[in-house]
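Below are the chains, spelled out letter by letter.
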Amino acid sequence: MSAVYVLQREGNNSEYPNLAAARAAVNKTIVHPEKLTMSKAEHAAAKK
């Protein structure tokens, strides 16, 4: 028995060999060049 996972998005179908690959495609990690949160040291410096 074999299974293929199909992701349908905006009219496009993408096939993945396993569930982990399909989930990874859905839950793509968004990488931003800027930091979204300040570090503890940056918080301390901002309070001064």
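Please read these numbers as outputs of a predicted model, since none were measured by experiment.

Participant: So what about the overall build of the protein? Which residues, and what values?
Facilitator: Of regular secondary structure, the protein possesses 2 helices and 2 strands. Shown N-terminal to C-terminal, the secondary structure of the protein runs as helices and strands in the order β-β-α-α. Out of the 48 residues belonging to the protein, those deemed buried represent 8%. Summing over all exposed atoms, the protein offers an accessible surface of approximately 4700 Å²; the carbon and sulfur share of this is 55%.

Participant: Tell me about the pairing of strand β2 (residues 12-16), and please be specific about residues and values.
Facilitator: Pairing between strand β1 (residues 5-9) and β2: 5 bridges, direction antiparallel. Considered in β2, the bridge of Y5 is made with Y16.

Participant: Give a description of the environment of V4 that names residues and reports values.
Facilitator: Its location among the elements puts V4 in the segment before β1. Take V4: its relative accessible area is 51%, and that puts it in the exposed class. The sequence separation of V4 and Y16 amounts to 12 residues, and the corresponding C-alpha distance is 5.9 Å. Setting aside residues up to four positions removed in sequence, V4 forms contacts with E15 and Y16.

Each value, and the rule that gives it
Residues numbered from 1 in each chain as written. Predicted model: local features only at pLDDT ≥ 70, side-chain atom pairs only at ≥ 80, totals over all residues. Heavy atoms only, no water. Helix = DSSP H or I, 4+ residues; strand = E, 2+ residues; numbered from the N terminus. Buried < 20%, exposed > 50% of the residue type's maximum accessible area, 1.4 Å probe, protein only. Areas by Shrake-Rupley, 256 points an atom, 1.4 Å probe, with all protein chains shown as cover. Pairing = 2+ DSSP bridges. Contact = heavy atoms within 4.5 Å.

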